[in-house]
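# Architecture at a glance
Residues per chain are reported as follows:
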Amino acid sequence: MSILIFLEHHANELQKGSLAVLSKAASLGAGEVAGVVVGSGVEGLASQAAAFGAATVYVADDPKLEAPLPQPRVDAIAQLVADKGFETVLFAQSILAADIASGLAARLDAGLNWQLTDLSAVGGELVGKQSALGDSVLVDVGWRSTPRLGLFRSGAFDPVEQPAAGTVERFEPQLQEHSLAAEMVEQAHAEESGPSIEDADVIVAGGRGLGEPEKFALVEDLAKALGGAVAATRAVVDAGWYPYSAQVGQTGKSVAPTLYVACGISGAIQHKVGMQGSKTIVAINKDPNAPIFEFADLGVVGDLHQIVPRLTELVRARKA
Amino acid sequence: MKIAVCVKEVPDATAHKRIDAATKRLDRSGEGALNAFDANAVEEALRLKDATGEGEVVVVSMGPERALNSLRKALAMGADRAVLISDEGAAGSDLVATSRTLAKALEREQPDLVLFGQQSSDSDGAVLWAAVAERLRRPVISQVAELTLEEGSLTGKRQTEFGYDVIRAPLPAVVAVADSINEPRYPSLKGIMGAKSKPQETVSLADLGVDPGDAGEAGSRTEVLALSEPPPRGETRKIEDDGSAAEQIVAFLAEKRLLS
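This structure is a prediction, so every number in the text was calculated from the model and none was measured. (Residues numbered from 1 in each chain as written. Chains lettered and ligands numbered in written order. Predicted model: local features only at pLDDT ≥ 70, side-chain atom pairs only at ≥ 80, totals over all residues.)

## Thoughts on the overall build of chain B
As a reminder, the rule being used: Elements are defined by DSSP. Helices are runs of H or I of four residues or more, strands are runs of E of two residues or more, and each kind is numbered from the N terminus. Any residue with 12 or fewer other C-beta atoms within 10 Å of its own C-beta is exposed, any with 20 or more is buried, and the rest are partly exposed; the C-beta atoms used are placed from the backbone. Working definition of a contact: two residues with C-beta atoms, positioned from the backbone, lying within 7 Å.
Along the backbone of chain B there are seven helices and 13 strands. In chain B, buried positions account for 48% of the 260 residues. Pairs at least 24 residues apart make up 70% of the contacts formed inside chain B by residues separated by at least 6 positions.

## A word on unusual backbone geometry
The residue after Thr146(A), namely Pro147(A), is reached through a cis peptide bond having omega -5°. Its place among the elements puts Pro147(A) in the loop between strand E9 (137-143) and strand E10 (148-152). Positioned with a positive phi, Asp109(A) is a non-glycine residue whose angle comes to about 50°. Position of Asp109(A) among the secondary structure elements: in the loop between helix H4 (95-108) and strand E7 (112-122). Positive phi, normally seen in glycine, also occurs at Gln143(B), with a value near 60°. Relative to the assigned elements, Gln143(B) resides in strand E7 (residues 140-150).

## Brief notes about the pairing of strand E1 (residues 3-6) of chain A
All names here are of chain A. To keep things clear, this is the line we draw: Strands pair, by our definition, only if DSSP identifies at least two bridges between them.
Neither face of E1 is exposed, since Ile3 and Ile5 on one face and Leu4 and Phe6 on the opposite face are all buried. For E1 and strand E4 (residues 33-39), the ladder comprises four bridges, and the chain directions are parallel. Note that in E4 the partner of Ile5 across the bridge is Gly35. Judged from the three bridges that link them, E1 and strand E6 (residues 88-92) form a sheet pairing that is parallel. When the bridges of E6 are listed, Leu4 appears paired with Val89.

## Description of the interface of chain B and chain A
To keep it simple, the criterion reads: Throughout, the ten residues Ala, Val, Leu, Ile, Met, Phe, Trp, Tyr, Cys and Pro are labelled nonpolar, Asp, Glu, Lys and Arg are labelled charged, and all others, Gly among them, are labelled polar.
Counting residues at the interface gives 65 residues for chain B and 74 residues for chain A. Residues of the side of chain B that touches chain A, tallied by class, amount to 31 nonpolar, 14 polar and 20 charged. Note: strand E17 (residues 298-301) of chain A against strand E13 (residues 237-240) of chain B, four bridges, orientation parallel. Along E13(B), the bridge assignment pairs Val301(A) with Glu240(B).

## Re the nonpolar core
Applied cut-off: We define a nonpolar core as a collection of buried residues of the types Ala, Val, Leu, Ile, Met, Phe, Trp, Tyr and Cys that are connected via C-beta atoms lying within 7 Å of each other.
The biggest cluster of nonpolar side chains holds 134 residues, and the ones touching the most others in it are Ala49(A) and Val5(B). If we ignore the near neighbours within four places in the chain, the residues touching Val5(B) are Ala41(B), Val42(B), Ala45(B), Val57(B), Val59(B), Ala74(B), Ala79(B) and Leu115(B). Counting 51 residues, the second-largest nonpolar core is a separate cluster that includes Ile203(A), Ala205(A), Val261(A) and Ala283(A).

## Overview of the confidence of the model for chain A
Do not read the predicted coordinates in detail wherever pLDDT is low. Here is the rule: The quantity called pLDDT is the predictor's confidence in a given residue, expressed from 0 to 100.
This prediction gives chain A a mean pLDDT of 92; 98% of its residues lie at or above 70. Across chain A, the secondary-structure element scoring lowest on mean pLDDT is helix H7 (residues 269-275) of chain A, at 88, and the one scoring highest is helix H3 (residues 70-84) of chain A, at 98.

## Looking at the sheet that holds E13(B)
The criterion, for reference: Axis lines are fitted to C-alpha atoms, over the contacting stretch for helices. Their N-to-C directions set the angle, which ranges from 0 to 180 degrees.
Spatial ordering of the open sheet is given by E14(A)-E13(A)-E15(A)-E16(A)-E17(A)-E13(B), a layout of six strands whose pairing is parallel. Bordering the open sheet on either side are strand E14 (229-232) of chain A together with E13 of chain B, each of which pairs with just one other strand. Within this sheet the neighbouring strands show an average axis-to-axis angle of 15°, counted without direction. In this fold helix H8 (residues 304-319) of chain A packs onto strand E15 (259-263), strand E16 (280-285) and E17 of chain A, with an angle of close to 135° to the strand it touches most, E16(A). Relative to the sheet, helix H7 (residues 245-255) of chain B contacts E16 and E17 of chain A together with E13 of chain B, its axis offset from that of E17(A) by approximately 175°.

## What about the packing of H3(A) against H4(A)?
Residues and elements named next belong to chain A. Using the following cut-off: Roughly parallel means an angle under 35 degrees; roughly antiparallel, over 145; roughly perpendicular, 65 to 115; everything else is oblique. Here a crossing is called left-handed whenever its near helix is offset anticlockwise from the far helix by less than a right angle, and right-handed whenever the offset is clockwise.
It is the contact of H3 with H4, at a shortest axis distance of 9 Å, that shows an interaxial angle of 50°. The orientation of H3 with respect to H4, classified from their angle, is oblique. Once H3 is placed against H4, the crossing between them reads as right-handed. Between H3 and H4, the residues in contact are Pro70, Gln71, Arg73, Val74, Ile77, Ala78 and Val81 and Leu96, Asp99, Ile100, Gly103, Leu104, Arg107 and Leu108, respectively. For the contact of H3 with H4, the class distribution of residues is nine nonpolar, two polar and three charged.

## Some points on the packing of H4(A) against helix H4 (residues 128-136) of chain B
At a closest axis distance of 7 Å, the pairing of H4(A) and H4(B) adopts a crossing angle of 40°. Taken together, the axes of H4(A) and H4(B) are oblique relative to one another. Two packed elements cross with a definite hand, and for H4(A) against H4(B) that hand is right-handed. Of H4(B), the residues touching H4(A) (which contributes Asp99(A), Ser102(A), Gly103(A), Ala105(A), Ala106(A) and Arg107(A)) are Leu128(B), Ala130(B), Ala131(B), Ala133(B), Glu134(B) and Arg135(B). Classifying every residue of the contact of H4(A) with H4(B) gives six nonpolar, two polar and four charged.

What follows is the structure, encoded as structure tokens:
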């Protein structure tokens, strides 16, 4: 049973999520595990990835593959599956990975399971755990044929470095005409400001409920008192209240701090997927029906403009 | 310009969603509604049609017969026509089977542009467009927050984990829009009245030339093996602020050893 993992990279850095899926696959002990890196000038990344549990890292290195567009990557992975006979291809959830996995499913008529939080090998078969219906039910999912495709939810595992590093092998994918039709005119480069929220142990996040951009000071003060970082929802980033680098959610960062304090955030699915891995969630919102109360460990129905400054004061006093 | 918008009927937002233990499928017996994310795609199609001053917007869906009720909302918003693929043999379709059947219906329509909403609220899936684009062998752009039409092509500005991408693709193309792209209009009374008389076609797998073995559970490559309760997320506590909320939060954090 051989498993291939798509290794995503951005700004010359391998994404932690895909390395984590690679390590998880290696830990299954269910046959050979390989990785694939696709891009331009990425051979160095391939050797780095080889340290995380891949016996072989295949690399397609071509200027035509520079832009992180999904369709040429479908061509590359489909070719590897055909040539090397991989029975399973796994991805860490991302916007790019989801589009590749889905395109690949159609290309190969291969079953795709998504929102996976775990995977195990049971008697020569793979069984995935899928979190469904807003995390209200856990589903054991399987595949009826090979290749099997799976998309893992971010934060499901951690990358583990292995003592023996694998080898790197180049391959030349044949790209199809329709796969090259879309063209990247301008590629995203987010400006980072301050420490990355992805590594923060404590995060205080603000949403629309703050009412106006100036009120982000409340969130910043509490974050400072708790020794944490500041995050924001897509709605307030779109509105220009806070920089994009602080955005948590489906189209932002995925975070899993020890403590996440959500101020004036409704908890829409777009935001939830980026922070549901947090160990403890405290939510303050004036709307008692806000979805965030369904998954917050402590939900407080009330006016954040009263509660947050008082909370900051109490935390400061306690730490003083 | 002909635009096809792929939409889905999902359980109404107020309904308690559950998976039927016997069929291992989502229980769709309750009230249904148009997937809210799809309204953004319908809205964008209508805006593009208005901007070009001509063309047709057709909504395409797959589901039980009664999903026509939800399609009528799209017609009430202003879409011209609805096509519903409805067939017992299509029930239980996974991504492989759904994308194949939907692509057949789209091939019949030959649209210049195929639009999708950001995700479905019931399956938490956000993948179908890429599979459909692959079957149609067309370029695809997802998460589009700004869409501009040019002569024979379109440009989408989209948000990813890393910031904003700008991607151009020749038509025909497949685009999935983000829910931040627009505010969907509310259907007017006139729109609602007019929707009933707009063309609504129900087609079967046979009509589309889809082999029964390629649709529904038979044509699916994934399966649900078992259902279980998620591990408890600890106890979720909800309190109303009585003036002491800040104190209660501090006590909670101290109890969890999150405050030094």
